[in-house]
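Now for the letters of each chain:
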Amino acid sequence: MPAVVQLPAGRALTVRDAADAFLDSIGNPNTARTYAIGVGKTVERIGEARPLASVADDEIGESLEMLWGTAAINTWNARRAAVLSWLAWCRERGHDAPAVPGWAKRLAVPDSQTPARSKIAIDRLIARREVGLREKTFYRMLYETGARAEEILGLNIEDLDLSGRRARVKAKGARAKTRRRGQVREDFVLETVYWDAGTARLLPRLLKGRTCGPVFVTHRRPGPGKVVSARDVCPDTGCARLSYGQARALLDEHTALGGPGTGWDLHEFRHSALTHLGEAGASLLMLMAKSRHKKPENLRRYFKPSPEAIAEVTSLLAPGDSR
């Protein structure tokens, strides 16, 4: 339950006081940190000591335009949303506050440019001799689960259900569990990812009898000056959890044809898995269950059917004798 924040009384509410009270009311530290960027820079732009009631709507819009008018669409939308939430929060508490003007609109997010690789290309990559067992298992698991790379890298052996071919992961934007009366728990709602025979064959070989610690670890122990959480270290080998940066560099090394930095991205396995399931006839609801997206429009950006798949479905429109 969010904390009740007392707004300053007895004098005109300044822009800075309103912003500080709003940010202090946010319970999630990650959200507060993100909102502080948009709200903080907007406050500096329009003047911290000004009474909030004296700020016009167009001043808010002009500040947003000056600060993030040329930024990426996602950045513009995020900063605008932070300011929108701040001003709405102030009005809900009975204060005269401006609004984000209608002309400072939220922009439509463009389709993702992440390509979907063919199933043959993925199988060939995993079958290559120079690709190690750890990477083979990781790539196959990414593809079969359709999960995010951070989710799979964060798995510990204790999280795996090898017989059921599934695991529980802390998903992106995972919400904290709540108890009665709104008390927030320290643990999070976990989501289940599923894999199939390819991953099931490789995982036992990778684990080699290990029963706890990270699933994917480095080949060396962390240096003496590096502080690593106990959960991120294998108790048997002393090796640390494989990081996202290390995994991305390995994939680039295996797939770069035009020099370093030109290879595949880890997120392409997720795009490819969902695209192939869609081409095979999986329904929208099944794809959302697999990807764990909450909104269909977010899933749409992942589905990129190949020209061959479009040509095949187009053949259904041909006259009966032509088919």
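A few points on the structure. (Residues numbered from 1 in each chain as written. Predicted model: local features only at pLDDT ≥ 70, side-chain atom pairs only at ≥ 80, totals over all residues. Heavy atoms only, no water.)

A word on the sheet that holds strand β2 (residues 166-169). Ordered in space as β1-β2-β5, the three strands form an open sheet in which the pairing is antiparallel. Of all the strands in the sheet, just β1 (160-161) and β5 (191-194) have a single pairing partner and so form its edges. Pairing of β2 with β5 involves four bridges; the strand directions are antiparallel. Opposite R168, over in β5, you have T192 as the bridge partner. (Pairing = 2+ DSSP bridges. Helix = DSSP H or I, 4+ residues; strand = E, 2+ residues; numbered from the N terminus.)

What follows deals with helix α11 (residues 284-291). All of the buried residues along α11 are L287, M288 and S291. Each buried residue of α11 sits inside an arc of 100 degrees when the element is viewed along its axis, so together they form one side. Away from its buried face by more than 90 degrees, α11 exposes L285, M286 and A289. Buried residues along α11 sit against α10 (268-279) and α12 (296-300). Once α11 finishes, R292 follows within two positions and takes phi at roughly 65 degrees, a positive value. (Buried < 20%, exposed > 50% of the residue type's maximum accessible area, 1.4 Å probe, protein only. Arc of directions from axis to C-beta. Contact = heavy atoms within 4.5 Å.)

On to the nonpolar core, then. For soluble globular proteins, the rule of thumb is that nonpolar side chains tend to be buried together. Core analysis: the largest hydrophobic core is formed by 33 residues, its most contacted members being F138, Y139, L160, V215, F216 and F269. Where this core is concerned, the elements lending two or more residues are α5 (119-127), α6 (133-145), α7 (149-153), β2, α8 (197-207), α9 (244-255) and α10. It is α6 that contributes the most residues to this core, five residues altogether. If we ignore the near neighbours within four places in the chain, the residues touching F138 are A149, I152, L153, F216, A247 and L266. (Core = buried A, V, L, I, M, F, W, Y, C linked by side-chain atoms within 4.5 Å.)

Here we take up the pattern of salt bridges. Between side chains of opposite charge, pairing is possible as soon as their charged atoms come close. On inspection of all chains with the given rule, the structure shows 15 salt bridges. For R292, the salt bridge identified is with E191, shortest N-O distance 2.9 Å. Of the two residues, R292 is situated in the loop between α11 and α12 and E191 in strand β5; the sequence distance between them amounts to 101 residues. The shortest N-O distance in the salt bridge between E191 and K294 comes to 3.4 Å. (Salt bridge = Lys/Arg side-chain N within 4 Å of Asp/Glu carboxyl O.)

What is shown is where atoms sit, not what they do.
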